[in-house]
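A closer look at the structure
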Amino acid sequence: MTITPTELKARLDKGKDFRLIDVREADEWAISRLPQAELIPLSQFQHLALQELAADETVVLYCHHGMRSAKAQGFLKAQGFANVLNLTGGIDAWSLQVDSAVKRY
């Protein structure tokens, strides 16, 4: 399951009822990030995600273009997480479609 940048923006505007997780690495996080996001880098995801996320909560994942977050989504689904969405196009698409103030790289 995926979510577009504009759909995510609408959900954020209504009030956050989900966890927004950035799976990029710390150096990328330092360049730019989405509002209200939490960092769980893909390099540590399998270890940290199961400690920090609950299988019954809704989780939206993103990375730079959507590939790494798709891997993280597959991992969570395999662990029994039912409500996991991947941001289509990642933070790059967010910058192009929603908020140009988010720095592209």
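Relevant structure appears above.
Notes on the structure in this doc start here. Everything numeric here is computed off the predicted structure, so don't read it as measured data. (Residues numbered from 1 in each chain as written. Predicted model: local features only at pLDDT ≥ 70, side-chain atom pairs only at ≥ 80, totals over all residues. Heavy atoms only, no water.)

1. Structural notes on the environment of Asp-99
For Asp-99, the location among the structural elements is in the segment after helix 5 (90-97). Residue classification places Asp-99 among the partly exposed positions, given a relative accessible area of 30%. Measuring from C-alpha to C-alpha, the distance between Asp-99 and Lys-9 comes to 9.4 Å, with 90 residues separating the pair along the chain. (Helix = DSSP H or I, 4+ residues; strand = E, 2+ residues; numbered from the N terminus. Buried < 20%, exposed > 50% of the residue type's maximum accessible area, 1.4 Å probe, protein only.)

2. Describing the pattern of salt bridges
Taken as a whole, this structure holds seven salt bridges when the rule is applied. Its salt-bridge partner being Lys-9, residue Asp-13 comes within 2.8 Å of it at the nearest N-O pair. Of this pair, Asp-13 and Lys-9 both sit in helix 1 (residues 5-14), four residues apart, which is roughly one turn of that helix. Take Asp-13: its relative accessible area is 53%, and that puts it in the exposed class. Residue classification places Lys-9 among the partly exposed positions, given a relative accessible area of 35%. A salt bridge links Arg-19 to Glu-57, with the nearest nitrogen and oxygen atoms 3.1 Å apart. One end of the pair, Arg-19, is in strand 2 (residues 19-22); the other, Glu-57, is in the loop between helix 3 (45-52) and strand 4 (59-62), with 38 residues separating them in the sequence. A single salt-bridge network, built from bridges that share partners, covers Arg-19, Glu-38 and Glu-57. (Salt bridge = Lys/Arg side-chain N within 4 Å of Asp/Glu carboxyl O.)

3. Structural notes on the sheet that holds strand 1 (residues 2-3)
If you trace the five strands from one edge of the open sheet to the other, you get 1-5-4-2-3, paired in parallel fashion. Looking at strand neighbours, the two that pair on one side only are strand 1 and strand 3 (38-39), the edges of this open sheet. As judged from the two bridges shared by strand 1 and strand 5 (residues 84-87), these two strands associate in the parallel manner. Counted as the bridge partner of Thr-2 is Asn-86 from strand 5. (Pairing = 2+ DSSP bridges.)

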